[in-house]
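Residue-level structural notes
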Amino acid sequence: MAKRPILILPDPVLRMVAKPVGAVDDRVRAVADDMLETMYEAPGIGLAAPQIGLLERIVVCDVATEEDEEPRPMVLVNPEILSVSEETKVWEEGCLSIPDYTEEVLRPAAVRVGYLDRNGERQEIDAEGLLAVCLQHEIDHLNGVLFIDHLSRLKRDRVTKKFIKQAKLVG
Ligand code: K1U
Ligand code: ZN
């Protein structure tokens, strides 16, 4: 396993649409393991492959955030939202590609997600709470969508400009 660098806004890769994975093989499992290591090290509760520069539809997450909880790593290949609840909920979101910025986002409170697991077997999960938020956030990443796109244009433009300025200063 290896920790990979995380791309930061305004990296253009973060705005691209990732391609479906053809087969869940050892290469895909190795990418997922690298993504889990990168996520735990960050630390974060989720990570999508485009955030490490890979335009493939792979997501990892672990929403066991309490110190006394056992880790619950999940690998989702080609995840898709099958249905969403009418009920919505506001959560404070952050993003490892937009460091040190959080904002409240309104999303469906519960989702059903279909995906391939690390053995290539088709699974469906009904998610609510933090897992529902995390899966929606990560699947957005696969479509080049960032959580700031769910905010007002004013807030989105303000944070985007700040990160463009920082990127120019760094290099
Ligand atoms: O995709 C990402 O950028 C990861 C992101 C996922 C996420 C956070 C909050 C709501 C929805 C999705 C993060 O993990 S940001 C870091 C974070 O939330 C966290 C870090 C340590 C402990 C608990 C949470
Ligand atoms: Zn993110």
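Residues numbered from 1 in each chain as written. Chains lettered and ligands numbered in written order. Predicted model: local features only at pLDDT ≥ 70, side-chain atom pairs only at ≥ 80, totals over all residues. Heavy atoms only, no water.

1. Concerning the site of ligand 1
Neighbouring residues of ligand 1: 14 residues in total, closest Ile45, Gly46, Gln51, Leu96 and Glu138. Interatomic distance of 3.0 Å between a side-chain N/O atom of Gln51 and an oxygen atom of ligand 1. His141 is positioned with one of its side-chain polar atoms (N or O) 3.4 Å from an oxygen atom of ligand 1. Coverage of ligand 1 by the protein chains reaches 78% of its 530 Å² of free accessible surface. Mapped by element, the contributors of at least two residues to the shell around ligand 1 are β4 (88-95) and α2 (129-142). For the shell around ligand 1, the element with the highest residue contribution is α2, accounting for five residues. A per-class count over the shell around ligand 1 returns six nonpolar, six polar and two charged. (Near = heavy atom within 4 Å. Polar contact = N/O pair within 3.5 Å; in protein donor to acceptor, adjacent residues only side chain to side chain. Areas by Shrake-Rupley, 256 points an atom, 1.4 Å probe, with all protein chains shown as cover. Helix = DSSP H or I, 4+ residues; strand = E, 2+ residues; numbered from the N terminus. Nonpolar A, V, L, I, M, F, W, Y, C, P; charged D, E, K, R; others polar.)

2. With respect to the pattern of salt bridges
This structure, assessed with the given rule, holds 12 salt bridges. The partner of Asp34 in a salt bridge is Arg4, and the shortest N-O contact between them spans 2.9 Å. Separated by 30 residues along the polypeptide, Asp34 in helix α1 (residues 26-41) and Arg4 in the segment before α1 bring together distant segments of the chain. Notably, a salt bridge pairs Asp140 with Arg107, separated by 3.1 Å at the nearest N-O pair. One end of the pair, Asp140, is in helix α2; the other, Arg107, is in strand β5 (residues 98-108), with 33 residues separating them in the sequence. Summarising the burial analysis for this pair, Asp140 and Arg107 share the class buried. Look at the salt bridges and you will find they share partners, linking Glu93, Arg107 and Asp140 into a network. (Salt bridge = Lys/Arg side-chain N within 4 Å of Asp/Glu carboxyl O. Buried < 20%, exposed > 50% of the residue type's maximum accessible area, 1.4 Å probe, protein only.)

3. Quick look at the pairing of β4
The two faces of the sheet receive side chains in turn, since in a regular strand these alternate between them. Pairing of β4 with β5, which is carried by seven bridges, proceeds in the antiparallel orientation. In the strand pairing of β5, Trp91 is matched with Val105. Counting the residues in the hairpin turn of β4 and β5 gives two residues. (Pairing = 2+ DSSP bridges.)

4. What about the sheet that holds strand β7 (residues 122-128)?
Sheet strands line up and pair through hydrogen bonds in the backbone, either parallel or antiparallel. Spatially, β1-β2-β3-β6-β7 is the arrangement adopted by the five strands of the open sheet, whose pairing is antiparallel. Either end of the sheet is taken by a strand with one partner, and the two such strands are β1 (46-48) and β7. The average angle at which neighbouring strand axes cross in this sheet is 40°, direction not considered. As defined by bridge partners, strand β6 (residues 110-116) adjoins β7 across seven bridges and the pair is classed as antiparallel. Each bridged residue has a counterpart across the sheet, and for Gly114 the counterpart in β7 is Glu124. With respect to the sheet, α2 is in contact with β1, β2 (58-61), β3 (74-84), β6 and β7, its orientation differing from that of β7 by roughly 120°. (Axes fitted to C-alpha atoms, helices over the stretch in contact; angles between N-to-C directions. Contact = heavy atoms within 4.5 Å.)

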